[in-house]
Structure formats: structure tokens, C-alpha cells
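These are the residues of each chain, in order.
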Amino acid sequence: MNLPQFVGTTTGPALAGPVLLVSDLSKSYGGPVVLRGVSFAAFSGVSLAIIGANGSGKSTLLKCLIRLTDPSSGKIEMLGQSVGDMGARALRQFRSRVGVVWQKHNLVPRLSALSNVLHGVQARMSGPRSWWQWAAPAEVRAEAMACLARVGLADKALQRVDSLSGGQQQRVAIARMLMQRPELVLADEPDASLDPQSGEDVMRLLSDLARQDGLTLIIISHRLEHTLAFSDRIIGLSGGVITLDVATSQADPAMLRRFFDKPTQ
Amino acid sequence: MPQASPAPPRFQHRSIAEYVAIIVVLALVLTSVMNTAPSLDKLQRGTARLFAPSGFLMQMFPPDFSRVEHITWKLVETLQMAVAGAALGLVFAVPFAILATDRLSPHPVIKIAARGMIAFFRTVPDLVWAIFFIIVVGLGPAAGVLALMIDKIGFAGRFFAEAMEEADTGPQDALRAIGASRMGVIFSAVFPACLPSFTATSLFALEKSVRGSAALGLVGAGGIGVDLKVAFDLFNYDEALTIILMMLVLVVAVEQGSSWIRSKLI
């Protein structure tokens with residue numbers, strides 16, 4: 001197998017083998033090619049940032065990783081499984097091991113924070129008792145409350161999420177991800193729709209929680225300062241091709257700016 | 001004074017096809033009116049009969065309330081038929097709507113079949129369904145309830161499916177990404193998002209059911225309509241007026257009640 005070349009893998013807390021191995025991944029939506037020959041690896045416990053301008057293929061890459069969209073070619077191995085070869089049932093079980101925090105929090109607006117967090121248990125449990133907080137077993141409710149407490153929102157448990165602020169909603173989404181008990185976390189611009197302070201708070205929370213739980217964090221960010229502050233390694237995408245793979249400690253901010261649509265102060 | 005520009009033509013130029021289309025529509029309207037609408041002479045004679053001292057309208061007044069207790073119980077039965085028909089119809093409309101929704105249907109063929117059945121249920125009038133179910137289960141309210149149920153599956157199935165099509169897909173995708181089952185996605189993300197729309201549709205279905213149930217008795221499918229038909233057949237027009245007035249009270253009460261609930265819930 002033609003293994004990808006890695007840069008910067010000797011730095012940071014990487015200790016074990018890769019939890020994610022992407023080889024020669026390409027994706028096109030019929031017309032233009034969105035991803036072209038993308039290869040990289042992510043190691044256990046490492047926070048990996050993927051940066052790139054709008055249309056560079058970041059979000060498509062993330063969707064390919066959990067097969068929300070099928071790659072045109074290439075291979076993805078994540079958590080010891082070949083993502084491309086899975087049937088529907090295996091894919092469901094695989095997805096349950098991967099936490100995703102979305103740019104738009106994607107919570108169910110009319111439900112309470114607790115119900116939304118509790119939905120995370122659907123990764124390992126099905127049936128009506130995982131659908132609504134009032135029907136859930138006591139231990140599941142207690143775990144959901146503990147997840148809410150970890151993001152500092154235990155006092156908002158029964159509040160409808162559409163009555164919470166943007167930052168609080170993103171925290172609820174993070175609590176839902178924790179409820180899932182993931183082995184790896186993908187975050188698609190979790191700071192994008194938030195004001196600068198809330199965005200930084202959310203990124204710090206996500207980064208701290210990932211470190212506490214020893215989770216691998218793959219994060220797409222459009223803010224240079226967050227990329228530098230909350231990642232161990234940076235991959236830069238331009239036109240669907242990886243043109244940068246560097247340890248964050250060795251990254252030159254001036255060099256990174258070209259991967260962002262607007263210069264970030 | 002600046003020289004005025006020549007006025008544009010009064011009518012735009014139209015093609016031959018457009019003139020033909022206009023003539024065809026006019027011919028359709030005219031022949032329909034001439035073949036089916038009552039003549040002026042017929043209308044005049046009918047109106048005279050209506051207002052004659054021994055005419056239909058005069059015999060209606062004053063309304064006869066002597067059988068008001070019996071009529072009240074028949075109205076209760078009518079309301080029960082409406083509630084039962086609407087409730088059963090709404091319950092069965094949900095799976096039909098799920099199967100008819102693009103993102104939730106397990107297979108395109110099943111989606112087309114579900115949409116076809118919903119359209120069929122909606123297209124056939126409830127009176128026809130009532131006649132069909134009278135043949136199946138006999139005369140009485142059971143046939144009415146089944147007719148209302150089928151009619152409501154058609155009515156609510158369409159609106160439920162539309163609401164689910166329009167629901168925000170973000171939360172559904174998020175749950176799919178977690179590994180949630182199809183039922184998990186439906187009950188956790190789709191239904192809560194559609195709740196206001198489902199509530200409004202359900203209340204409209206109940207209103208429609210109450211109006212429909214009053215008429216079903218005319219073909220023998222139970223409810224107050226049976227008594228209305230008998231009153232007309234026996235020329236008891238004063239009793240018929242009482243029934244019509246009490247039906248009006250019931251329908252207005254249900255409509256007002258459902259409007260109030262909608263305003264509180266949505």
C-alpha cells in the first residue's frame with residue numbers, strides 16, 4: 001500500500017499508531033473535483049486542525065470520513081475499520097464511535113437541553129427510552145445530566161434549546177457528543193456562527209474535554225488564532241489538495257494566513 | 001410642453017393558440033351553465049313555492065324542539081364518530097406519511113406506492129367511502145367511522161408528509177451521524193420539529209371530520225344525518241330545522257375550540 005507522507009508527526013502527544021489513515025482520497029460531485037489524492041494520518045490523543053479557504057474541500061473531507069458522502073476513490077481507515085467497505089448496519093455501529101460537532105449545532109430546537117443531550121445515547125441504545133428524556137432510564141438521565149454539567153449547563157437541563165444563546169447551544173451539542181462516549185471527535189467549524197468570545201470559549205471547552213478524555217480531535221476551523229491555540233498539528237487544503245502538513249509548534253502564522261479567506265488578526 | 005409619446009396599443013397581440021384557448025374555455029363555461037344551471041323561470045316558481053304559506057320554508061318555522069333530547073344524543077354519537085374517525089385516521093396517516101417522505105421512506109418504490117394510496121384515499125369522497133363500508137360492515141356508525149378514517153388518512157397523510165419534507169435536515173443528519181436508527185431519527189428529530197404543523201393538521205382534520213360525520217347519516221352510516229334524512233322524508237321540516245341548527249352549533253363549537261387550541265399550542 002502506498003502510505004502517505006507525514007510531516008510533524010513526531011511532535012505533540014502522539015503515542016500510539018494512527019487512529020485515522022486516509023490514503024489517496026478523491027471526491028467529485030459529478031463536475032469539479034473537490035478532493036484530489038488526499039492522504040494523511042491522525043494519531044491517538046492528537047488534536048489535528050484542517051484549514052483551508054471556502055470551497056477547499058474541508059467539509060467534504062469531514063463528511064467522507066464518516067461516509068455522510070461517499071468518496072469517489074481512495075481509502076479511509078478509522079478506529080481500525082475500513083470505512084468504505086461497511087454495510088448499513090456496520091456503518092451505524094462505526095458512526096456511534098465517532099463524535100461530530102457541527103458548525104450549526106443541529107440540535108432539535110423544540111426539545112429541552114436534556115432531551116437533546118440524551119439523544120447521544122442512541123449511539124449505543126435504541127428504542128423509545130432513548131428518544132425522550134422523560135422516558136429514559138434513570139442511569140441514562142444521570143449520565144446526560146453529568147454531560148451537561150461538564151459543559152456548565154446543568155441548570156439549563158429542562159430549558160428549550162431554542163431559548164439558549166448560540167454559545168450555550170453549541171455547548172449542548174458538545175454535551176450530546178460526550179453522551180455518545182466517542183473514541184474520536186470531528187468538529188466542523190464549531191466556532192463559526194458564534195461571537196469571538198463565545199467561539200473561543202467553545203473551542204477551549206472542546207479542546208479541554210478532548211484532552212481530559214484522551215480523545216483524538218479533528219477540527220476544521222476558519223479562525224487562525226483558534227487553529228494555533230487548540231491544535232497539535234495543522235493540515236492545509238487548497239483546491240482539494242493537501243499543501244501543508246505541519247506541527248502547530250513549528251507553524252508560521254504568516255504562512256497559514258493564505259489558507260483563510262480573510263486575514264485573521 | 002414636451003411632445004407626448006404615442007399611446008401603446010390597448011391590447012397585446014395574442015397568438016391563434018391563445019384565441020382558441022379563450023374560446024374553448026368560454027364554450028365550456030357557457031355549455032355547462034346552459035345544461036345544468038336552473039332556468040330563471042324554474043327559479044321564480046321554486047322561490048314562490050318556498051315562501052308560500054304552506055311552503056317548505058314556512059313549515060320550518062318555528063323549529064320543533066320536542067325531540068331535542070333524542071337529537072342531542074344523536075349529535076353526541078355524531079361527535080363520537082368524528083373523533084373516532086379522525087383519531088384513527090391520524091394514527092394511520094403517520095406511517096403512510098413517513099413512507100411517502102423522500103428522506104424517510106426506505107425505498108423509492110414504497111414512497112411512490114404510499115403517495116399513490118394517500119392520493120387515492122383523498123380523491124374518493126367520504127360519502128363514497130361510507131357506501132363502500134356500509135356494504136362491508138353494514139348500516140350504522142361503524143361504517144361512518146371507517147369512512148372518516150380513510151378520508152383523514154388521505155387528508156392528514158398529505159400534510160404530515162409535506163411537514164416532514166420541510167423539516168430542518170440538520171438535526172436529522174446529526175442523529176444519523178451518531179448512528180441513530182431510522183425510528184430514532186423520526187421520533188427524536190422529525191416529529192418534534194413537525195409538532196406545530198401536525199397539531200394544526202390534526203385539528204383541521206377533526207373539524208373536517210365533524211362536518212363530514214353530520215352528512216354521512218344521509219347514506220345510512222350513522223350519526224345525526226340519519227335523523228335529518230328521515231325528517232325531510234316525512235316532511236317534518238320544523239324538526240329538520242332543529243337538527244340543522246344544532247348541527248351548526250356543534251360545528252361552530254368544534255371550530256372555535258380548535259382555533260383556540262391552535263392559538264395556545266402553536
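Please read all numbers here as calculations on a predicted model, not as lab measurements. (Residues numbered from 1 in each chain as written. Chains lettered and ligands numbered in written order. Predicted model: local features only at pLDDT ≥ 70, side-chain atom pairs only at ≥ 80, totals over all residues.)

(A) Spatial organisation of the overall build of chain A. Of the regular secondary structure elements, chain A holds eight helices and ten strands. The C-alpha radius of gyration computed for chain A amounts to 18 Å, which stays within 12% of the reference 18 Å derived for 265 residues, consistent with globular compactness. Projected onto the principal axes, the alpha-carbon positions of chain A cover approximately 50 × 45 × 40 Å. With 265 residues in all, chain A has 46% of them scored as buried. In chain A, the proportion of contacts linking residues at least 24 apart, taken out of those at least 6 apart, comes to 70%. (Helix = DSSP H or I, 4+ residues; strand = E, 2+ residues; numbered from the N terminus. Rg over C-alpha atoms; globule rule 2.2 N^0.38 Å. Buried ≥ 20, exposed ≤ 12 C-beta atoms within 10 Å, placed from the backbone. Contact = placed C-beta atoms within 7 Å.)

(B) Representation of helix α8 (residues 169-178) of chain B. Residue and element names in this part refer to chain B. Taking burial as the measure, the ten residues of α8 include seven buried ones, the bulk of the element. Within the span of α8, buried status applies to Pro171, Gln172, Ala174, Leu175, Arg176, Ala177 and Ile178. Backbone geometry just downstream of α8 places Gly179 in the positive-phi region, at approximately 105°.

(C) Up close: the pairing of strand β4 (residues 73-78) of chain A. Residue and element names in this part refer to chain A. Two elements, strand β1 (residues 18-28) and β4, share five bridges in a ladder whose sense is antiparallel. Across the sheet, residue Ser26 finds its bridge partner in β4, namely Ser73. The hairpin turn running from β4 into strand β5 (residues 81-82), its antiparallel successor, is two residues long, and Leu79 in that turn takes a positive phi close to 50°. (Pairing = 2+ DSSP bridges.)

(D) Highlighting the interface of chain A and chain B. Listed as interface residues are 22 residues of chain A and, on the opposing side, 17 residues of chain B. A per-element tally of the side of chain A that touches chain B places helix α2 (residues 88-95) of chain A first, with three residues. Broken down by class, the residue content of the side of chain A that touches chain B amounts to nine nonpolar, nine polar and four charged. (Nonpolar A, V, L, I, M, F, W, Y, C, P; charged D, E, K, R; others polar.)

(E) Fine view of the domain arrangement of chain A. Residues and elements named next belong to chain A. Per the domain assignment, the segments making up chain A are domain 1 (1-97 + 183-249) and domain 2 (107-181). Placing the centre of domain 1 and that of domain 2 at their C-alpha centroids yields a distance of 25 Å. With eleven residues of domain 1 in contact, the opposing surface of domain 2 contributes twelve residues. For the side of domain 1 that touches domain 2, the element with the most residues is helix α6 (residues 196-213), which contributes six residues. For the side of domain 1 that touches domain 2, the per-class residue count stands at seven nonpolar, three polar and one charged. (Domains from an automatic or database assignment.)

(F) Region of interest: the confidence of the model for chain B. When the pLDDT values of chain B are averaged, the result is 91; 99% of them are 70 or greater. Looking across chain B, the model is least confident in helix α3 (residues 56-60) of chain B, with a mean pLDDT of 84, and most confident in helix α5 (residues 108-123) of chain B, with 96. (pLDDT = per-residue confidence, 0-100.)

(G) Up close: the environment of Asp238 of chain B. All names here are of chain B. Secondary-structure assignment places Asp238 in helix α11 (residues 237-265). Here the alpha-carbon distance between Asp238 and Phe65, two residues 173 residues apart in the chain, equals 8.5 Å. Residues in contact with Asp238, not counting those within four places in the same chain, are Gln59, Met60, Pro62, Pro63 and Asp64.

(H) Local environment of the packing of helix α7 (residues 141-166) of chain B against helix α9 (residues 182-216) of chain B. Residue and element names in this part refer to chain B. Close contact between α7 and α9 brings their axes to 9 Å; oriented N to C, the two are set at 150°. Considering the angle they form, α7 stands roughly antiparallel to α9. Viewed along their axes, α7 and α9 form a crossing whose handedness is right-handed. Seen from α7, the contacting residues are Gly144, Ala147, Leu148, Asp151, Lys152, Phe155, Ala156, Phe159, Phe160, Ala163 and Met164; seen from α9, they are Val190, Cys194, Ser197, Phe198, Thr201, Ser202, Ala205, Lys208, Ser209, Gly212, Ser213 and Leu216. Taken together, the residues that form the contact of α7 with α9 break down as 13 nonpolar, seven polar and three charged. (Axes fitted to C-alpha atoms, helices over the stretch in contact; angles between N-to-C directions. Parallel < 35°, antiparallel > 145°, perpendicular 65-115°, else oblique. Left-handed = near helix turned anticlockwise from the far one by under 90°.)

(I) Layout of the pairing of strand β8 (residues 216-220) of chain A. Residue and element names in this part refer to chain A. Taking burial as the measure, the five residues of β8 include five buried ones, the bulk of the element. Neither face of β8 is open: one carries Thr216, Ile218 and Ile220, the other Leu217 and Ile219, and all of them are buried. As judged from the four bridges shared by strand β3 (residues 47-52) and β8, these two strands associate in the parallel manner. Looking across to β8, one finds that Ile50 is bridged to Ile220. Examined bridge by bridge, strand β7 (residues 184-188) and β8 share five bridges and lie parallel to one another. Among the inter-strand pairings, Asp188 is bridged to a residue of β8, identified as Ile220. For the crossover that starts at β7, traverses α6 and ends in the parallel β8, the hand is right-handed. (Right-handed = clockwise from strand over helix to strand, strands pointing away.)

(J) Broad picture of the sheet that holds β5 of chain A. Residue and element names in this part refer to chain A. Overall, antiparallel pairing links the four strands, which are arranged β2-β1-β4-β5 in an open sheet. Because the sheet does not close on itself, it has two edges, and the strands there are β2 (33-43) and β5. Taken strand by strand, helix α1 (residues 58-65) contacts β1, β2 and β4, and its axis lies near 60° from that of β2.

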